[in-house]
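# A closer look at the structure
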Amino acid sequence: MADDQEHFSCPMCLELLKDPVTTACGHTYCMNCINTFWDQDNAINAKYCCPLCRQTFTLRPVLKKNTLLADMVERQRNTTFKDLTLDLNKAEHGDVECDVCSGGKRKAVKSCLVCLVSYCEPHLQPHLDLPILKKHRMINAHTKLEDKICPLHDKLLEVYCRTDQQCICFLCAMDEHKDHETVSAAAERTEKQMQLSETQQKVLLRGLEISMELHKLREAGDSITNSARTTVDDFDRACDEHLRVCVRSVERRRSEVKELVRAQQGAVWLQAESLTERLIKVGGELTKRDREMKQLSQTEDPTHFLRSFQSLGDLPGSQNSSANSVVKCITEQKEKLENMVKEETRKMFNSLPLHNDMVTESPHLSPMIEFKSKRDISASCYCNVEVDPMTVCLCLHLCDENRTISWSDQVKPHPDHPDRFSPYQQALSREGLSGTCYWEVEWSGGVVTVAVSYRNIKRKGWGNDCCFGHNDQSWCLVCSSSSCFFWHDKMFKPVPFPCSSRVGVYLNHEAGVLSFYSVSDTGTMMLLHRAQTIFTEPLYPGFSVDQGAMLKICAAKKIN
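Attention in this report is confined to the structure presented alongside it.

The rules behind each value
Residues numbered from 1 in each chain as written. Predicted model: local features only at pLDDT ≥ 70, side-chain atom pairs only at ≥ 80, totals over all residues. Heavy atoms only, no water. Helix = DSSP H or I, 4+ residues; strand = E, 2+ residues; numbered from the N terminus. Buried < 20%, exposed > 50% of the residue type's maximum accessible area, 1.4 Å probe, protein only. Contact = heavy atoms within 4.5 Å. Phe/Tyr/Trp six-rings, centres within 6.5 Å; stacked < 30°, edge-to-face > 60°. Lys NZ or Arg CZ within 6 Å of the ring centre and 35° of its normal. Pairing = 2+ DSSP bridges. Axes fitted to C-alpha atoms, helices over the stretch in contact; angles between N-to-C directions. Core = buried A, V, L, I, M, F, W, Y, C linked by side-chain atoms within 4.5 Å. Disulfide = S-S within 2.5 Å.

### As for the overall build of the protein
Secondary structure assignment for the protein yields 10 helices and 23 strands. Within the span of the protein, comprising 560 residues, buried residues form 42% of the whole. Of the contacts made within the protein by residues no fewer than 6 positions apart, 61% connect residues no fewer than 24 positions apart.

The structure is reproduced here in C-alpha cells:
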C-alpha cells in the first residue's frame, strides 16, 4: 500500500496527486503546486522550468488535467481509506467476530436470532434496508447463538415453561410441554424483572440494617472501653491515695482487679468482634449480590436472564443474629464491671491497716557498675531495635518504620499468625539479643510496658504465661504517670523513684544483668531497677501500651 501511494504522490507536496498534470518533460505534479511554483519562479527569473529535471521552457506550458491518472489516484485514495477503516473495525481479543467477513474479521455489532449470524456494520446493512430482513429479531452481538435454539426442533427458544422452569420453543410447548403452564419468554422476563427489583430493594434495606447494627455495636464497644478505662483510672487514683501506707497490698490487689476488668472487657470484645466480622462479611456478600443483580437487570437476552435469575437463591445473611443481643450483653457486663470495681474498692480499703508500720522493700542492687550518664556507656553497646509486625496485637497501630506503637480503636486487618499476641496488647522485636546491649524508648499517655522476653513466650489467651512479667519467660518495667513497677514471674516490686518519659534498658546477657534507667533530656541517668539472674536464651525486647498511650523506640545515638 505504501509503495503504490508513492507512485501517485506529488513530488512537491508529497501528498496524493490532486488534479494531476504532466509537463512536456514527462513529470507529473498537482496543478496547483506547479502553477504556484512557476508564478514565484517567473517573478524572479522570467523563465519556466521543471522542478525535478530543471528543463527550461521558453513559453509557459499550457497544463491540462490528466483524467486517466486522476481516476487512478482517486481509486488509490478510496482503497487506502477502506483499508484504514477495516483496521479500525478489526475484531480484537474478546470481541465477537463477524461471521460473514472473509480474511480479516471485523467486530460484530449485532446478532440475528433468525439467521443465527453475527454481523459487522457493513454486512448488517441489508437487515436495515430490506423489508423482509427488517422483521428479523436483532440483539447486541452475542458469541453463543446456539444456546438460543431448541436442540430438538432447531427453533428459537421464545417460550418459558413455568412447570419445568426452562426455556422451550413453540413446538416443545405443543408437544412435550402441552399440559404445562407456559408463557412467552419476554412476559416471564418482565415478571422476573419485577421480582428482581423487589429483591434489590430488600438487599438495600438489609444493607442499611447492617450499617445501623454495626454502628450500635461500635458504640457499645466504645462504651465498654471507656467504662473499663474510667473504672481503672478511678481505681488508680484511689490506690495512689493509700499507696504510702500499704504499697505491696494495694498494688497486688490493683493488679488482680485490672486483670479481672481486662478479662471481662476482652471476653465481651471477642463476642462483639465475632459478630462484627459476620456482619461485615454479609455486607460484602450483599454488595456482590447487588452488583450481580444490576448486571442481570441490564441483560437484554431473556434466556440468559431467566437462567441467571434461578441461580440467585436466597439473600445472604438472612439467618445472621442481630447486634441488639450483643449490645444488651455489653451493657449488662458494663454495669457488672462498675459494681464489681466499687465493691472491690470498698472491701479492700475497709480491710487495710491504718498505721505506718508497713515499710516497702528497697530493690536489692548488686555491687555492679551503675551508670550516671549516657557518656559512660560504650558506643558498641548501642543497638537498633525494630518491632516484628507479625507479633503485634491487632488493637495496636505500628508506624515510623516499625518503631512507634500506639493504641488503635479499630482492629487492624492483619493476617492471623502464630507469633501474634492476642488479646494482650503486646509486641516483640525482630531480633534477639545475647551480648551487651543498650536501647531507649520514649513514652507518653497512659500505661506502657518495657520488657525483655524469651521467644517461646506464649502468644494466645488471657493466661499469665502470655503476659509480660507474669511468668518466668519475661521481665518488664510498667510505667505510668503516677507509679512504676518491676514485674517478673507474677512478682512485682514498686520503684520508689519517679520515671521520666524516656527509659533506657541495659542488658549484659553473659553476666545476667538487666537494668532499667530513667534518662533525662541532658543524658543523665537514674537507676530504676536492676535484675540479676542467669539468662539461658537470647532476649527479645518487648513492648505494650494501654489505651491512650504511645511508645517510640529511639534511634541508637551516643552522647559525646
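### With respect to the packing of aromatic side chains
One pass over the full model with this rule turns up 12 aromatic pairs. Judged by centre distance (6.1 Å) and plane angle (50°), the rings of phenylalanine 371 and tyrosine 517 are tilted. Remark: tyrosine 517 occurs in strand 20 (residues 513-519) and phenylalanine 371 occurs in the loop between helix 10 (323-350) and strand 11 (396-399); sequence separation between them is 146 residues. Across this residue pair, the class does not change: phenylalanine 371 and tyrosine 517 are buried. A network of ring pairs unites the aromatic residues Trp38, Tyr48 and Phe57 as a single cluster. It is arginine 459 that lies over the ring of phenylalanine 421; its NZ or CZ is 5.1 Å from the centre.

### Brief notes about the sheet that holds strand 16 (residues 474-479)
As summarised here, the arrangement of the six strands in space is 13-22-15-16-17-18, forming an open sheet in which the pairing is antiparallel. At either margin of the open sheet sits one strand with a lone partner, and together these are strand 13 (426-428) and strand 18 (491-494). Along the sheet, successive strands turn relative to each other by an average axial angle of 20°, direction set aside. Sheet topology note: the strand 15 (residues 448-453)/strand 22 (residues 540-545) ladder contains six bridges and is antiparallel. Bridge pairing in strand 22 places serine 453 opposite tyrosine 540.

### Comments concerning the nonpolar core
Membership of the largest hydrophobic core comes to 39 residues, with the highest contact counts inside it found for Trp439, Trp475, Leu477, Cys479, Leu514, Phe543 and Leu551. In terms of residue count, strand 14 (residues 436-444) provides more of this core than any other element does, four residues in total. Those residues in contact with leucine 514 that lie beyond four places of it in its chain are Val452, Trp475, Val505, Tyr506, Leu507, His529, Arg530, Ala531 and Phe535. Counting residues in hydrophobic clusters, the runner-up holds 38 residues, among them Leu157, Cys167, Ala272 and Leu306.

### Here's the deal with the state of the cysteines
Applying the stated criterion across every chain, the model contains zero disulfides. Here cysteine 467 is not cross-linked by a disulfide; its sulfur's nearest cysteine counterpart is in cysteine 476, at 7.1 Å. Judged by relative accessible area, cysteine 467 falls into the buried class, the value being 14%.

### Looking at the pairing of strand 21 (residues 525-532)
Taken across its eight residues, strand 21 has six buried, putting it largely inside the fold. In this sheet, strand 21 lies alongside strand 20 in antiparallel orientation, the contact comprising seven bridges. Residue pairing for strand 21: valine 519 is matched across the bridge by methionine 525. Here strand 20 hands over to strand 21 after five residues, with glycine 523 in that stretch at a positive phi of 95°.

### Looking at the environment of cysteine 381
Topologically, cysteine 381 is positioned in the loop between helix 10 and strand 11. Separated by 126 residues in the primary sequence, cysteine 381 and leucine 507 have C-alpha atoms spaced 9.0 Å apart. The residues contacting cysteine 381, other than those within four sequence positions of it, are Thr436, Cys437 and Tyr438.

By themselves these figures say nothing about function.
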